[in-house]
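# Report on the structure
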There are 2 protein chains.
Amino acid sequence: MAKKKQIGQRQSRQRDTILQAIGEADGPLLAQTIHEQAKRRVPNLGIATVYRTIKLLLEHQRIQPVVLSDGQTRYELVGLGHHHHFRCRVCERVYDLPGCMLSISDGAQLPGGFQVEAHEVTLIGVCPGCA
Amino acid sequence: MAKKKQIGQRQSRQRDTILQAIGEADGPLLAQTIHEQAKRRVPNLGIATVYRTIKLLLEHQRIQPVVLSDGQTRYELVGLGHHHHFRCRVCERVYDLPGCMLSISDGAQLPGGFQVEAHEVTLIGVCPGCA
DNA sequence: GTTAGTGCAAAGGCTTTGCACTTCA
DNA sequence: TGAAGTGCAAAGCCTTTGCACTAAC
């Protein structure tokens, strides 16, 4: 059952670095950003390795995809608890927001017979750094 | 100022049909779905024309893109009023939901200095047809 | 030594663009 | 007729895959 650190069958500097980059961020990251971050530590890291590692991490449920209204897919660690996202329209960065501000709960039934199982909320605006 | 029906400089059966397909839907549509719908009336309609028309309609602010967590871009008419979306995890169709169920309003300031200007909510679950 | 993991380059899927043909005004 | 609009096919962008090489174990 041990699988806290090990991702594939072998340990590799590339994978450790990629996972570290995702874990150190204060919000979900683009594949491209992960690549740039990880390259600082593993200079000749290929983008294909980033995508392969992302796929592996998704399969192992260590990370999850976050797709917001800009259409780009970002990735964040699982186990962050229930939270939502804030996207800065200036710098396009995405931040985690703890807690929930939705007035309807999962499990509710909407008029018309729509059964709600989950929800997503994104706030859009300007982040402190860009204000 | 007149531009209620006219999209480009000339009228064309293709554009009218594409706009009609988007307008008749009960939720935002994929480019592919728009193409399929419109092809019923204009059989040899090319996908490039669909994308060009979408682009034109976006520029003219007649439609707007809707990107949900499945990563696919859909399009809906503007002027539907404030609303959110429901995505069925079974059939992957997206429906409009009137009203708002968010407990924080645009214009609010979040702890940390995040200025909220807009928001998006998506409910995920099972639609009446798939239940 | 085996073979998982990697980098490069080619291939795929969706969207955009170039170009010659069609059609509206 | 003149240019906007269209269809086809080629090109682009991001992501995935094939293949030979590298490096964990």
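Above: the structure in question.
Residues numbered from 1 in each chain as written. Chains lettered and ligands numbered in written order. Predicted model: local features only at pLDDT ≥ 70, side-chain atom pairs only at ≥ 80, totals over all residues. Heavy atoms only, no water.

## Concerning the relation of the copies chain A and chain B
You can overlay chain A on chain B at an RMSD of 0.0 Å; the transform is a turn of 180° with a shift of 0.0 Å along its axis. The transformation just described matches what one would write down for a two-fold rotation axis. Most of the interface of chain A is mirrored in chain B: 100% of its interface residues are interface residues there too. (Least-squares fit on C-alpha atoms with pLDDT ≥ 70 in both. Contact = heavy atoms within 4.5 Å.)

## Side note on the layout of surface pockets
One number sums up the size of the largest pocket: a volume of about 930 Å³. In terms of lining residues, the largest pocket is bounded by 38 residues, among which Thr-122 of chain A together with Val-67, Glu-120, Val-121 and Thr-122 of chain B are the most central. Elements with a contribution of two residues or more to the lining of the largest pocket: β2 (63-67), β4 (83-88) and β7 (114-126) of chain A together with β2 (63-67), β4 (83-88) and β7 (114-126) of chain B. Partitioning the lining of the largest pocket into residue classes produces 13 nonpolar, 19 polar and 6 charged. (1 Å grid on protein atoms, 1.4 Å probe; cavity = no way out; pocket = protein on both sides within 12 Å on 5 of 7 lines; lining within 4 Å. Points joined across faces, edges and corners; volume = space filled by probe spheres on them. Helix = DSSP H or I, 4+ residues; strand = E, 2+ residues; numbered from the N terminus. Nonpolar A, V, L, I, M, F, W, Y, C, P; charged D, E, K, R; others polar.)

## Quick look at the interface of chain A and chain B
Taken together, the contact between chain A and chain B spans 30 residues of the former and 30 residues of the latter. Between chain A and chain B, the buried area comes to about 2600 Å², and carbon and sulfur atoms account for 62% of it. In terms of surface lost to chain B, no three residues of chain A exceed Phe-114, Glu-120 and Ile-124 of chain A, which account for 22% of the buried area on that side. Seen at the junction of chain A and chain B, the total is 2 salt bridges. Of the charged contacts in the structure, one is a salt bridge between Arg-89 of chain A and Glu-117 of chain B, with a shortest N-O distance of 2.6 Å. Run the count over chain A and chain B and you get 14 residue pairs in polar contact (both at pLDDT 80 or more). For the side of chain A that touches chain B, the elements supplying multiple residues, two or more each, are β5 (94-98) and β7 of chain A. Broken down by class, the residue content of the side of chain A that touches chain B amounts to 18 nonpolar, 9 polar and 3 charged. Here β7 of chain A runs beside β7 of chain B; their pairing, made up of 11 bridges, is antiparallel. (Buried area = accessible area lost by both parts, 1.4 Å probe. Salt bridge = Lys/Arg side-chain N within 4 Å of Asp/Glu carboxyl O. Polar contact = N/O pair within 3.5 Å; in protein donor to acceptor, adjacent residues only side chain to side chain. Pairing = 2+ DSSP bridges.)

## What to know about the protein's contact with DNA strand C
Close contacts around DNA strand C come from 18 residues, with Ser-12, Arg-15, Thr-49 and Arg-52 of chain A together with Tyr-51 of chain B the closest. Of all atoms in DNA strand C that approach within 4 Å of the protein, 68% are sugar or phosphate atoms. In this structure, a base oxygen belonging to DNA strand C sits 3.0 Å away from a side-chain N or O atom of Arg-10 of chain B. At the level of secondary structure, the elements contributing two or more residues to the surface near DNA strand C comprise α1 (13-24) and α3 (47-59) of chain A together with α3 (47-59) of chain B. The biggest single contributor to the surface near DNA strand C is α3 of chain B, with 4 residues. (Near = heavy atom within 4 Å.)

## Structural notes on α1 of chain A
All names here are of chain A. Spanning 12 residues, α1 covers 16 Å between terminal C-alpha atoms, matching the ideal 16 Å at 1.5 Å per step. Here α1 has its buried residues at Thr-17, Ile-18, Leu-19, Ala-21 and Ile-22. The elements touched by buried residues of α1 are β1 (29-30), α2 (31-39), α3, β2 and β3 (73-77). (Expected span 1.5 Å × (residues − 1). Buried < 20%, exposed > 50% of the residue type's maximum accessible area, 1.4 Å probe, protein only.)

## Focus on the packing of aromatic side chains
Enumeration over the complete set of coordinates arrives at 4 aromatic pairs over all chains. Seen in terms of ring centroids, Phe-86 of chain A and Phe-114 of chain B are 4.8 Å apart; in terms of plane orientation they differ by 65°. Their pairing is edge-to-face. Residue Phe-86 of chain A is located in strand β4, and its partner Phe-114 of chain B is located in strand β7; the two belong to separate chains. For Phe-114 of chain B, a relative accessible area of 11% translates into the label buried. Relative to Tyr-95 of chain B, the ring of Phe-114 of chain A has its centre 5.0 Å away and its plane inclined at 65°; by these criteria the two rings are edge-to-face. (Phe/Tyr/Trp six-rings, centres within 6.5 Å; stacked < 30°, edge-to-face > 60°.)

## Concerning the sheet that holds strand β3 (residues 73-77) of chain B
All names here are of chain B. Strand order in the open sheet formed by 3 strands is β1-β3-β2, and the pairing between neighbours is antiparallel. Edge positions in the sheet fall to β1 (29-30) and β2, since each has one partner strand and no second. Direction of pairing for β2 relative to β3: antiparallel, over a ladder of 5 bridges. Among the inter-strand pairings, Pro-65 is bridged to a residue of β3, identified as Tyr-75.

## Observations concerning unusual backbone geometry
All names here are of chain A. Positive phi values are uncommon outside glycine, yet Gln-61 reaches one of about 55°. As for its position among the elements, Gln-61 is in the loop between α3 and β2. Gln-61 gets classed as exposed once you look at its relative accessible area, which sits at 60%.

## As for the protein's contact with DNA strand D
Of all residues adjacent to DNA strand D, which total 18 residues, the nearest are Tyr-51 of chain A together with Ser-12, Arg-15, Thr-49 and Arg-52 of chain B. Of all DNA strand D atoms lying within 4 Å of any protein atom, the proportion belonging to sugar or phosphate reaches 63%. One of the side-chain N or O atoms of Arg-52 of chain B is found 2.7 Å from a base nitrogen in DNA strand D. Contributing elements (two or more residues each) for the surface near DNA strand D: α3 of chain A together with α1 (13-24) and α3 of chain B. The element contributing the most residues to the surface near DNA strand D is α3 of chain A, with 4 residues.

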